[in-house]
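Below, each chain spelled out in residue letters.
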Amino acid sequence: MRFRGESQVKQTILVADGDAAIRSLIRDILSNRGYRVLTASTAVEALGALERGAPDVIFLDASLDGAEMVAGEAGRQGVPLVAVADGEESPASLTERLDAIGYLQKPVRREWLEMLARQGAVFRDCLGRGRRRAEDLSLSRGFLEAVLEADDGAIYLLDADGVLLRTNLLGEQMLQCAPDAGEAQRYLDLLSGHSSDLQGAALGRARDTGVIQRVEEHRGGTVYATRIRPVPGKGGPSGFVVKTVDISGRRRSEVELAESEKRYRSVYEACRDAIIMFDRNDGAVLDCNAAARRLYGYGAEEMLALTILELTDEPERSLEMIRAGVEHVPLRYHRNKVGVSFPVEVSMSHFVHNGREVCTAYIRDISQHKVVEEALREGARLYRAVVEDQTELICRYNTDNQVTFANGAFARFFGVDEDEIVGTEFFPHVAMDERRDLRSWLRDAGPDNPVFDREQHVRRHDGEARWILWTNRTILDYRGNIIEIQAVGRDITEQKDAERALALATEEKEQYRQNLEAIFRSIPDAIVSVDSQCRIIATNSAAASLLAVERERAVGLDFEEAVNDSGNPCLSVLKQVLKTSKAVRGYEAEIDLAARGQRMVELNCTPLIDHEKRHTGAVLVVRDVSRIADLEKRLQERHGFRGIIGRSMGMQEMYKLLEQLSPLDSIVLILGESGTGKELVAEALHYGGPRAGAPLIKVNCSALSESLLESELFGHVRGAFTGAVRDKVGRIQAAQGGTLFLDEIGDISPLIQLKLLRFLEQKEYERVGESKTRSADVRIIAATNVNLLQAVMKGTFREDLYYRLNVMPVQLPPLRDRQGDIPLLVEHFLEIFSGQFNKAFKGVSDEVMDLFMSYAWPGNVRELRHILEHACILSPGKEIGIEHMRGDLVSQMRTPGYAPAPSAPAPWSAPGVMPELAPAPSPYAQASVPPHYAQVPAPPVFPRKAGREEVLAALARCGWNKARAARELGIHRATLYRKLKAWGLDA
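Residues numbered from 1 in each chain as written. Predicted model: local features only at pLDDT ≥ 70, side-chain atom pairs only at ≥ 80, totals over all residues. Heavy atoms only, no water.

A. Summary view of the packing of helix α24 (residues 706-714) against helix α26 (residues 750-762). Remark: α24 packs on α26, axes separated minimally by 10 Å, with the N-to-C direction vectors making an angle of 15°. Viewed along their axes, α24 and α26 adopt a mutual orientation that is roughly parallel. For the crossing formed where α24 meets α26, the hand is left-handed. Side by side, α24 and α26 meet where Glu706, Leu709, Glu710, Leu713 and Phe714 of the first sit next to Leu751, Ile752, Lys755, Leu756 and Phe759 of the second. For the contact of α24 with α26, a count of residues per class yields seven nonpolar, no polar and three charged. (Axes fitted to C-alpha atoms, helices over the stretch in contact; angles between N-to-C directions. Helix = DSSP H or I, 4+ residues; strand = E, 2+ residues; numbered from the N terminus. Parallel < 35°, antiparallel > 145°, perpendicular 65-115°, else oblique. Left-handed = near helix turned anticlockwise from the far one by under 90°. Contact = heavy atoms within 4.5 Å. Nonpolar A, V, L, I, M, F, W, Y, C, P; charged D, E, K, R; others polar.)

Here it is as structure tokens:
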């Protein structure tokens, strides 16, 4: 029988007592109870016994010297100690002093000794179990730390109230605030608001249900998955294990996997060949694509219920090949749903999926192969027939460079027999350099490099040297391997000769091109060529400085975008030429340059015409004529403006006005006496504007009756009136895009006035006898020598038409108001008549010039021209004298105060201001003067040979103003200068 707590293993008891009898007694009693007993008489012996091996219990004499040392060592080794004493010290004090578990009083009693020995052994056993548990707990704690840190997620250990007990390093990093080790903190308090709400709800569900909860949330583009596992306990969870993992990569992988699966399935289903997956063990169909279902005629579910045995005419053989891992079967016969057999070619690949051996079979229906083979045979027959008839040199040779075929042209060229050349080497017919290049190509020839061209200079069988272009083309099998090479030789001798001639011509052309480019670059004028859409094709360097159009940047740009100015006159001219396909030459305009300011330029624009006579664009040449314009301006002050001769102040003002009106489309009304040059002004306005390339149509309104004028202006249709045998184009239609000049507009009838008013307001008209309304793009210029305001007051001219015409009036001064221009006009007309009559006229005599200067010229410039024409006819040449002029005209011109009654309107006045209906009678009127003339004040008439005294008196009266004095004397200023020079008064 064993007492409770008694061990089956023999226990060791150390007895340390200075009394030998006590030692012997305790040893005997305990030995009889089965203990192993060690004894020590001194503290040193006891310590030695402890060093050799810790006993299970120590009985220590409290009075032994060094007892405290033995007790301390026993405490360090965890050996229970029983104090043995004689009773002098109280048991409580003794056990406390020696840290003993019990007290044995001398004399020793057996039952107490045995009891204390058993208690000591039990105590020793409890201490051992506690120590082992502490070691196990420390080890478990170490394992827990390792597990927490080794996990790829953030792990949080919570108690039942959600207080954070422990976390790993990743968990600390993921918390919004680090947990405080010194105090308990709730896990949810360490999370952000949204995360706290989500996980708080999940913790509540886990606490209520005891089931693992999962939460997924997004934080700043990252996806986190949190799993909350409740730890079971009595009456509910005793705690929670929370694990949070970053699953962003996994989500992306899942998306990419889904996309890959989608792409794979798309390719799989789109494949033209049938694809079937079989189980290698039993041949069952695991999957198939749409092509397989079409090929065999089964539905998707029907296919999955089949095996290879139902799809082939040789089921056992086919299954055996699948099991054997065969990769290619060139020919097998399969059958479809209705039992029809067809030949197929099968390629197979084998793999293992989830422990299952799978075979993927790629099946191609080759039913058409026999048809193709027959077609190939027929093609070969046709090929040979065609090749034999060709004039090109054709042969084929294999990869061993042996000729396998040659046509008749090849044999005839080299002077050999067709059958003899077959089997010989191809290379001997190729020159050394070409042979080397050909061999190099053959090493790399294949599907990516199937053709090799080479020109060769060879000699024909008769010795003549010829150029042959050899085209070597590989003939490949279905695997891309070379079977043969076909060589086709074309005689290009004539082509080479032509190429040499072309090269020489090209070189010469290139030289011309370079010369032209050099000229193009050196021309100071800006040159811009555009296509039909007004996009710049090319420019020269001068365009950069004159138009601010850079060559490199401008090509391809719209011209308007390049010049960055929609109102640029260059753009207007280009658009007109592109629209009308007619050249514009000599158009002058002002352009504003940022670097050079206002510049006067001359624009010349010509259409571009291709070889098919189509207009493909335009070339614009812009010449800076600012300096020339200035010189012309000065010259015009001396001579004239666009065919109009005159340098007087009134003419200069008129020139400026014409320059302003030329580029506009406004209606211009030219006012002036008969013979003042109204038609010349109309021409200057037309040819100085953007419509210069379009027609200028003139209509003399006073020369036609009402009906004829209407027909002339608007045109008529056949049958519109008696004599209208065909359609007639009116002057308005003929002037489309240009200018219509209506001369003597004041003489038209009221009906024509009404129709003309409608046309001026709406630019629409109707031909006589036609109801169709037409439109016209025409500029209107009108002229009259009638006082239109008086005509309006008399009711012979419509007031609304007058105001419509009187948009921009131009008043021409009569010749009597610009006597200073008479010498220029005389010089101009003499130059004309010199060419007309083939005579050389140097000028007029002083007497004639003085007569001209003193005359009032009622017929204005026209009268002057006719007088000079008459004189030039009679004069043999050189100088025109008084004797060459008509006598009656000379007498009339010498009549004092002879002048016309003004028939032209007075200078225009503001609208609504009506002049007097009739001029006051002239005090100089005489009955002998013709009715169409009236006497007006004329310069004083002096003797034709003004003497020195008369000249000096006139100069004194005019303050030595020679021009005024010449007019007062009735002589030309040049005559006055000659007289003064002759008298020595020219200073």
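Okay, back to it.
B. Local environment of a positive patch on the surface. Together, Arg647, Arg964, Arg967 and Arg973 line one region of the surface with positive charge. One can find arginine 964 in helix α34 (residues 962-969). (Patch = residues over 30% accessible without salt bridge, like charges linked within 9 Å, V, L, I, M, F, W, Y side chains within 5 Å. Areas by Shrake-Rupley, 256 points an atom, 1.4 Å probe, with all protein chains shown as cover. Salt bridge = Lys/Arg side-chain N within 4 Å of Asp/Glu carboxyl O. Lys, Arg positive; Asp, Glu negative; His and termini not counted. Charge placed at Lys NZ, Arg CZ, Asp CG, Glu CD.)

C. Up close: the UniProt feature "coiled-coil region" (unreviewed entry) in the protein chain. The feature "coiled-coil region" (unreviewed entry), as annotated in UniProt, sits at residues 495-522 in this numbering. Between the C-alpha atoms that bound residues 495-522 the distance is 39 Å, and the span itself is 100% helix and 0% strand. (UniProt positions renumbered as here; feature names shortened; annotations may be inferred.)

D. Spatial organisation of the environment of aspartate 159. Mapped onto the fold, aspartate 159 is located in strand β6 (residues 154-159). As a C-alpha pair, aspartate 159 and aspartate 282 span 123 residues in sequence and 57 Å in three-dimensional space. Polar side-chain contacts of aspartate 159 include one of 2.7 Å to the backbone nitrogen of valine 163. (Polar contact = N/O pair within 3.5 Å; in protein donor to acceptor, adjacent residues only side chain to side chain.)

E. Spatial organisation of a negative patch on the surface. A cluster of like negative charges, contributed by Glu560, Glu561, Asp565 and Asp592, occupies part of the molecular surface. On the secondary structure map, glutamate 561 appears in helix α19 (residues 559-563).

F. Quick look at the pairing of strand β20 (residues 482-491). Taken together, the six bridges between strand β16 (residues 393-398) and β20 define a ladder with antiparallel strand orientation. Each bridged residue has a counterpart across the sheet, and for cysteine 395 the counterpart in β20 is alanine 487. When strand β19 (residues 465-476) meets β20, the two strands line up antiparallel, connected through nine bridges. Residue leucine 476 lies in a different strand from β20, and its bridge partner there is isoleucine 482. (Pairing = 2+ DSSP bridges.)

G. Quick peek at the environment of arginine 335. Within the element layout of this structure, arginine 335 appears in strand β13 (residues 328-335). For the pair arginine 335 and leucine 295, spaced 40 residues apart in sequence, the C-alpha separation works out to 9.2 Å. Engagement of the side chain of arginine 335 in a polar contact is seen with the backbone oxygen of threonine 312, the distance being 2.7 Å. Side-chain polar atoms of arginine 335 contact the side chain of aspartate 313, separated by 3.1 Å.

H. The pattern of salt bridges, seen in detail. Enumeration according to the criterion identifies 50 salt bridges in this entry. One salt bridge connects lysine 496 with glutamate 455, and the closest N-O pair in it is separated by 2.8 Å. In this pair, lysine 496 sits in helix α16 (residues 493-522) while glutamate 455 sits in strand β18 (residues 451-459), placing the two residues 41 residues apart along the sequence. On the basis of relative accessible area, lysine 496 is assigned to the buried category, the value being 15%. Here glutamate 499 and lysine 496 are joined by a salt bridge, their closest N and O atoms 3.9 Å apart. Taken together, the residues span about one helical turn, with glutamate 499 and lysine 496 both in helix α16 at a distance of three residues. (Buried < 20%, exposed > 50% of the residue type's maximum accessible area, 1.4 Å probe, protein only.)

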